[in-house]
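A look at the structure
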Amino acid sequence: MRKRFLAPFVLSALFFAACGGGQQNNSEQANSSATAGQEGAAVDSSMVSPGANAPVPKGQALIDEQDCKTCHKEDVKLVGPAYKDIAKKYESNDKNIETLADKVISGGSGNWGDVAMVPHPTLKKEDAREMVKYILSLK
Ligand code: HEC
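Residues numbered from 1 in each chain as written. Predicted model: local features only at pLDDT ≥ 70, side-chain atom pairs only at ≥ 80, totals over all residues. Heavy atoms only, no water.

Some thoughts on the nonpolar core
We apply this condition: Think of a nonpolar core as a cluster: buried Ala, Val, Leu, Ile, Met, Phe, Trp, Tyr and Cys residues, connected wherever their side-chain atoms sit within 4.5 Å. In this scheme, a residue with accessible area under 20% of its type's maximum is buried, one over 50% is exposed, and one in between is partly exposed, where area comes from a 1.4 Å probe on protein chains only. Starting at the N terminus, helices and strands are each numbered in turn, a helix being any DSSP run of H or I of at least four residues and a strand any DSSP run of E of at least two. In what follows, residue pairs with any heavy atoms lying within 4.5 Å of each other are defined as contacts.
Membership of the largest hydrophobic core comes to 19 residues, with the highest contact counts inside it found for I63, Y83, I86, V132 and L136. Broken down by secondary-structure element, the contributors of at least two residues to this core are α2 (58-65), α3 (83-89), α4 (94-106) and α5 (125-136). With six residues, the top contributor of residues to this core is α5. With residues up to four places along the chain from it excluded, the contact list for V132 reads I97, L100, A101 and V104.

Concerning the coordination of the iron atom of the ligand
Heads up, the condition is: Counted as donors are N, O and S atoms no farther than 2.8 Å from the metal, or 3.2 Å for Na, K and Ca; water is not among the atoms, and sites may therefore look incomplete. Irregular is the label for any site that misses the other tests, which are tetrahedral for four donors with all angles between 85 and 135 degrees, and square planar for four donors or octahedral for six when opposite donors exceed 155 degrees and the remaining angles lie between 65 and 115.
At 1.9 to 2.1 Å from the iron atom of the ligand lie its protein donor atoms, namely H72 (NE2) and M117 (SD). Of note is the iron atom of the ligand, whose six donor atoms meet at the metal with angles of 83 to 179° in an arrangement that counts as octahedral. Pair noted here: H72 is in the loop between α2 and α3 and M117 is in the loop between α4 and α5, with a separation of 45 residues, a long-range link. By relative accessible area, H72 is classed as buried at 12%.

Observations concerning α5
Using the following cut-off: Here the expected length of a helix is defined as 1.5 Å per residue gap, with one fewer gap than residues.
Look at α5: 16 Å from first C-alpha to last across twelve residues, which is about the 16 Å you get at 1.5 Å a residue. Restricting attention to buried positions, one finds in α5 the residues D127, A128, E130, M131, V132, Y134, I135 and L136. For α5, the secondary structure elements touched by its buried residues are α2, α3 and α4.

Thoughts on the pattern of salt bridges
Rules: Salt bridges are defined by distance alone: a side-chain nitrogen of Lys or Arg within 4 Å of a carboxyl oxygen of Asp or Glu.
Taken as a whole and judged by the stated rule, the model has seven salt bridges. E98 is the partner of K125 in a salt bridge, and the nearest nitrogen-oxygen pair spans 2.9 Å. Remark: E98 occurs in helix α4 and K125 occurs in helix α5; sequence separation between them is 27 residues. Taking relative accessible area as the criterion, E98 reaches 30% and is therefore assigned partly exposed. Note that E98 is salt-bridged to R129, the shortest N-O span being 3.0 Å.

Regarding the confidence of the model for the protein
Do not read the fine detail of predicted coordinates wherever pLDDT is low. In plain terms, the rule: Per residue, pLDDT captures the predictor's confidence, and it can take any value from 0 to 100.
Residues at a pLDDT of 70 or more form 60% of the protein, whose mean pLDDT is 78. Low confidence marks residues 10-46, where pLDDT is under 50. Its contacts with residues over four positions away, or in another chain, come to two contacts.

Notes on the packing of aromatic side chains
Defined as follows: Any two of the Phe, Tyr and Trp rings considered here, Trp counted by its six-membered ring, make a pair once their centres fall within 6.5 Å; the pair's planes then place it as stacked at under 30 degrees, edge-to-face at over 60, or tilted in between. Note on criteria: charge over ring means Lys NZ or Arg CZ within 6 Å of the ring centre, with the direction from the centre no more than 35 degrees off the ring normal.
For the structure shown, the criterion picks out zero aromatic pairs. Above the ring of W112, the side-chain terminus of K89 is found at 4.7 Å from the ring centroid.

Quick notes on the packing of α2 against α5
Defined as follows: To obtain an axis, a line is fitted to C-alpha atoms, over the contacting stretch when the element is a helix, and the angle between two such axes runs from 0 to 180 degrees between their N-to-C directions. Here the word oblique covers every angle except those under 35 degrees (roughly parallel), over 145 (roughly antiparallel) and from 65 to 115 (roughly perpendicular). Should the near helix be turned anticlockwise from the far one by less than a right angle, the crossing is left-handed, and should it be turned clockwise, the crossing is right-handed.
Close contact between α2 and α5 brings their axes to 7 Å; oriented N to C, the two are set at 110°. What the angle tells us is that α2 and α5 run roughly perpendicular. Between α2 and α5 lies a crossing whose hand is left-handed. In this structure, α2 contributes K58, G59, Q60, L62 and I63 to the contact, and α5 contributes D127, E130, M131, Y134 and I135.

This is how it looks when you write it as structure tokens:
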């Protein structure tokens, strides 16, 4: 009597164990292939993202939206000094970034000659700072 009652439990326990084991294996395989996929993706993105992000820092993107390039180039003097010359002249610290951001907004002359930079009164201070940070990073 007892055996008959137990048998289905034992069988189903075995069945579930087998089943569970099988599922575990499957999910392990799924996991390991997912991990492999992620690793592949990680390698891919690590190869892509520096190239995708590095060439256009925020400050450069902002500069591209403005008229700066009509007077400035990265390494050649146009109407205004080359960005690289500006970077050489000023150390990239908070004080210089602040002063130069103000100068970009209010315009003016005197530091490089008599030619004045046009003011950019609509520029946000925050954006002007980003631009100057970018310029001063071009050493
Ligand atoms: C009309 C031409 C012109 C435009 C447009 C222009 N600049 Fe200038 N920029 C100048 C001139 C000229 C100077 C040199 C001013 C001086 O001698 O003090 C200068 C100087 C600068 C300096 C150095 C300031 C200093 O006191 O040493 C920075 C930084 C700068 N420009 C950034 C910018 C940015 C950013 C933009 C775009 C938002 C811009 N410029 C647009 C002509 C221009």
